[in-house]
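# Structure at a glance
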Amino acid sequence: MHSISEIVDNHVLLVALIACLTAQALKAVIEFARFGKINLRVMVETGGMPSAHSALVTALAGGMGQTLGWASPAFAATSVFAIIVMYDATGVRQAAGKQAKILNQIIDELFQEKPEFNEDRLKELLGHTPFQVIVGSILGAFISCLAAPAY
């Protein structure tokens, strides 16, 4: 049980998780502002505005820099990790979402005369636009700065 209390006391981890959860909650607020309906499902789906992945990894890197120093190897490692996650969100996952959209369209067109063909549609919203990633990253940096440990 001692190790669980250490995890709960990990300031950097908690700030990163708070940044992620804040981004996920903001997705529901933005969805309500856009469509006038409450849709809590967006809080557990991938994609959308802002990028929770970006908020998480940016807050993590910021917390490492604040805690261990901006010249520390840990800050360097988490910064590289953040860049890879954000690049993947706008690159590979975005491309996979575009491919899923095209495949869904092909299936719709091929099987419109066969209503008995009932396959699940592929998830199309997998990645983020660069703007969604930037906003998520700004959110993560902001939360990290707000929660900076006081020494």
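On a predicted model such as this, the values are computed, not experimentally measured, just so you know.

### Examining the overall build of the chain
Assigned secondary structure in the chain consists of six helices and zero strands. Secondary structure elements of the chain, listed N to C terminal, follow the sequence α-α-α-α-α-α. For the chain, buried positions account for 31% of its 151 residues. Within the chain, contacts between residues at least 6 apart in sequence are counted, and of these 70% link residues at least 24 apart.

### Some points on helix H2 (residues 11-35)
Between the first and last C-alpha of H2 there are 36 Å, a value that for 25 residues agrees with the 36 Å anticipated at 1.5 Å per step. All buried positions along H2 are accounted for by Val 12, Val 15, Ala 16, Ala 19, Ala 23, Gln 24, Lys 27, Ala 28 and Glu 31. You can read the cap of H2 off the contacts: a side-chain oxygen lies 3.2 Å from the backbone nitrogen of Val 12, and it is on Asn 10. Gly 36, located one to two residues past H2, shows a positive phi value of around 70 degrees.

### Observations concerning the packing of helix H3 (residues 52-68) against helix H6 (residues 130-146)
Closest axis-to-axis distance for the H3/H6 pair is 7 Å, and the angle between their directions is 35 degrees. For the pair H3 and H6, the sense of crossing is right-handed. Taken together, the residues of H6 that come into contact with H3 (itself represented by Ser 54, Ala 55, Thr 58, Ala 59, Gly 62, Gly 63 and Gln 66) are Val 133, Gly 136, Ser 137, Leu 139, Gly 140, Ala 141, Ser 144 and Cys 145.

### Quick look at unusual backbone geometry
Residues Met 49 and Pro 50 are joined by a peptide bond in cis, for which omega reads -10 degrees. Structurally, Pro 50 can be placed in the loop between H2 and H3.

### Remarks on the nonpolar core
Among the nonpolar cores identified, the biggest contains nine residues, and these are Val 15, Ala 16, Ala 19, Ala 23, Ala 52, Ala 55, Ala 59, Leu 139 and Ile 143. At four residues, the largest contribution of residues to this core is made by H2. Residue contacts for Ala 52: discarding those within four places in its chain leaves Cys 20, Ala 23, Gln 24 and Lys 27. By size, the runner-up hydrophobic cluster in this structure holds six residues, among which are Val 57, Ala 82, Val 85 and Ala 89.

### Digging into the side chain of Ser 54
Within the secondary structure, Ser 54 is located in helix H3. Of the polar contacts made by the side chain of Ser 54, one reaches the side chain of Ser 51; its length is 2.9 Å.

### Considering the confidence of the model for the chain
For the chain, the mean per-residue pLDDT works out to 86, and 87% of the residues sit at or above 70. Here helix H5 (residues 92-110) stands out as the element of the chain with the lowest mean pLDDT, 76, in contrast to H3, whose mean of 96 is the highest.

About the thresholds
Residues numbered from 1 in each chain as written. Predicted model: local features only at pLDDT ≥ 70, side-chain atom pairs only at ≥ 80, totals over all residues. Heavy atoms only, no water. Helix = DSSP H or I, 4+ residues; strand = E, 2+ residues; numbered from the N terminus. Buried < 20%, exposed > 50% of the residue type's maximum accessible area, 1.4 Å probe, protein only. Contact = heavy atoms within 4.5 Å. Expected span 1.5 Å × (residues − 1). Polar contact = N/O pair within 3.5 Å; in protein donor to acceptor, adjacent residues only side chain to side chain. Axes fitted to C-alpha atoms, helices over the stretch in contact; angles between N-to-C directions. Left-handed = near helix turned anticlockwise from the far one by under 90°. Core = buried A, V, L, I, M, F, W, Y, C linked by side-chain atoms within 4.5 Å. pLDDT = per-residue confidence, 0-100.

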